[in-house]
Amino acid sequence: MNSNELYEEFLKYCKKYERDLWGIVVKKGDRCLRIKKPENPEKNNYLIYEIIEKPRISGAISDLNELLELLEDTIGEDS
């Protein structure tokens, strides 16, 4: 699954999110999870994430289940 497909599949599971210039943003209180595609998403198979709280955490993830777990751990199950 390339980055575009992973991104679209992830959005099917998200209930509350916003789009911005960076990608998508899921917020709860002062916590924020941002997800974006890498350059050349057709050729890559991962998404870039950034957790905005203290401290900021960023990385790349290529597994949908791990991405959903990251979302739940960061924002909560209702996201």
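So, here's what we can say about the structure. (Residues numbered from 1 in each chain as written. Predicted model: local features only at pLDDT ≥ 70, side-chain atom pairs only at ≥ 80, totals over all residues. Heavy atoms only, no water.)

Inspection of helix H1 (residues 3-13) places Ser3, Leu6, Tyr7, Phe10 and Leu11 among the buried residues, and these make up the whole buried set. The buried residues of H1 occupy one face: seen down the axis, they fall within an arc of 135°. As for H1, its buried residues are in contact with strand S1 (18-19), strand S2 (24-28), strand S3 (31-36), strand S4 (47-52), strand S5 (57-61) and helix H2 (64-74). The N-terminus of H1 is capped by Asn2, whose side-chain oxygen sits 2.9 Å from the backbone nitrogen of Asn4. (Buried < 20%, exposed > 50% of the residue type's maximum accessible area, 1.4 Å probe, protein only. Helix = DSSP H or I, 4+ residues; strand = E, 2+ residues; numbered from the N terminus. Arc of directions from axis to C-beta. Contact = heavy atoms within 4.5 Å. Polar contact = N/O pair within 3.5 Å; in protein donor to acceptor, adjacent residues only side chain to side chain.)

So, on to the sheet that holds S3. The 5 strands lie next to each other as S1-S2-S3-S4-S5, forming an open sheet whose pairing is antiparallel. Each edge of the open sheet carries a strand with a single partner, namely S1 and S5. Sitting on the sheet, H2 touches S2, S3, S4 and S5, and the angle it makes with S3 is about 160°. (Pairing = 2+ DSSP bridges. Axes fitted to C-alpha atoms, helices over the stretch in contact; angles between N-to-C directions.)

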